[in-house]
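Structural characterization, general
Listed here are the chains, written in short residue letters.
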Amino acid sequence: MNDLNVPDAVLGVLDTLWQRGCDAYVVGGGVRDTLLGRAAPTDWDIATSAQPDEVKAIFAGGKYENRFGTVTVVLDEYDAQITTFRRDHHYGDHRRPDSVTFTDSIDEDLARRDFTVNAIAWGRAAHEEQTRLLDPTNGLADLHTSLVRAVGDPAMRFDEDGLRLLRAARFAAQLGFEIEPRTLDGMRDTAEIVRWVSNERVGGELKLMVAANPPSVAFKILADTGVLEHALPELAAQRGIAQDKIPGHDLWLHCLTTLDAAASIDPGNQRLRMAALLHDIGKPGTHADGHFVGHDVEGARMAEELLARLAFAGRDVDQIAALIQLHMFNYEPRWSGAAVRRFVRRVGREHIDDLLRLRAADNIGSGLAPDAGHLDELRQRLADELRSNPPLSLADLALSGDDLIGELGMRPGPAVGQLLERLLDIVIGDPAQNVRDVLLSQARDWLEKHGAVQ
Ligand code: ATP
Ligand code: MG
């Protein structure tokens, strides 16, 4: 009987193992999320009494994955990661056990897992007839009361592996759970251990936390337990910095309110969420007389450094940093059409939508209406201006650098680029001028007046 609704393909893997005389269970996130009725997981973890070599032989297409003997079997829609029951030993580096011992006991295997809701198994021993749920740490009760609880002594488990500090906060956010009080105390007592976690793993967890709804949950936990200042000091530096926005909110709360607002404005937009989280990280370092001069530029620099350190993809880093650098724009209703077009040129057309969303989130985080600062008007005017596809970049010009060289005898060099920029400025001011002959004569006039400064 398949009373857990394990997908057939995954059940097939269990079945193969049972037929070979091995005990086999699904465990971890697949079981947890299915029991919670959450979206069907694509990653399934299987724990078995079979030794890694045996597993490899049984699933010839499977590949040997890591030095701890996890074999991944790729199924059509799912990945099944098969791991031999194990006990972990001393964690010399607060991250990974120095060695593991395989065991034939599923109970021992469940005891080394991080949280009770991740230590529920479904399956059977080879000789048993019925599948069943194994729940030696009472994870089901914690699932029902929405609690993240460490398996065993919390401080000891966090001290063994600092990644669990981040996982605890991340699961609380993803699942909408509270952290059980003793587990929370354990996090406080061991917060510093997070320093042993590699930057890449911090980055991976950060992405998952930011993607949760609402994303602020994980960050509040990290801040309250003291993990934040060791894992992400740039973010922690915002705590306690006064802001005159929402009464009682410091810069950190402004940041989290902005983050949650970004998540509700465009839920699937992870770059926007990250930009919202980081948009004011330049403020603590530029704080003087209640002002934060240059915090946009400083913030973009810091975000770039932080995200590169955490191994984010280069394109994401660039886009997030660009949004932060641009987030202090100031629209005035008296802007001319040309001013609106120049704004697009300065910002870059690809950033416009996200920049307006970031401002709306920032407004909400400042206790203002989302469209404060005439944002709705700016949005409308941008749409109106962009509808006719006006020339906004050098590529849109009706003439190229080669024309300036060929027709006007300019020598290749920076002066050509500078003149093109000038022509673009003219065309952005009046798109009707974007005609090759008109631009050539503009260029000629300009060269006559100024000479071709090389
Ligand atoms: P998700 O895949 O949704 O992130 P998950 O619970 O499946 O959640 P995985 O990282 O896939 O997490 O790990 C699978 C299982 O392995 C976990 O449920 C847990 O039982 C165990 N596990 C993973 N990482 C650790 C760890 N650092 N310490 C102890 N047990 C762990
Ligand atoms: Mg998983």
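As shown above, the structure is provided for reference.
Here we summarise the structure given alongside this text. (Residues numbered from 1 in each chain as written. Chains lettered and ligands numbered in written order. Predicted model: local features only at pLDDT ≥ 70, side-chain atom pairs only at ≥ 80, totals over all residues. Heavy atoms only, no water.)

Overview of the pattern of salt bridges
Applying the stated rule across the entire model yields 30 salt bridges. Across the salt bridge formed by Arg 87 and Glu 108, the nearest N and O atoms sit 2.8 Å from each other. One end of the pair, Arg 87, is in strand S6 (residues 86–88); the other, Glu 108, is in helix H4 (residues 106–111), with 21 residues separating them in the sequence. Arg 87 sits in the partly exposed class, given a relative accessible area of 34%. Taking relative accessible area as the criterion, Glu 108 reaches 30% and is therefore assigned partly exposed. The closest approach of N and O atoms between Asp 354 and Arg 357, which form a salt bridge, is 2.7 Å. You can see Asp 354 and its partner Arg 357 sitting in helix H19 (residues 352–365), three residues apart, about one turn around the helix. For Arg 357, a relative accessible area of 28% puts it in the partly exposed group. (Salt bridge = Lys/Arg side-chain N within 4 Å of Asp/Glu carboxyl O. Helix = DSSP H or I, 4+ residues; strand = E, 2+ residues; numbered from the N terminus. Buried < 20%, exposed > 50% of the residue type's maximum accessible area, 1.4 Å probe, protein only.)

Notes on the side chain of Ser 366
Assignment of secondary structure puts Ser 366 in the loop between H19 and helix H20 (375–387). In this structure Ser 366 comes out as buried when scored by relative accessible area, which is 12%. One polar contact links the side chain of Ser 366 to the main-chain carbonyl oxygen of Asp 362, over a distance of 2.7 Å. The residues touching Ser 366, leaving out its near neighbours within four places in the chain, are Lys 245, Ile 246 and His 254. (Polar contact = N/O pair within 3.5 Å; in protein donor to acceptor, adjacent residues only side chain to side chain. Contact = heavy atoms within 4.5 Å.)

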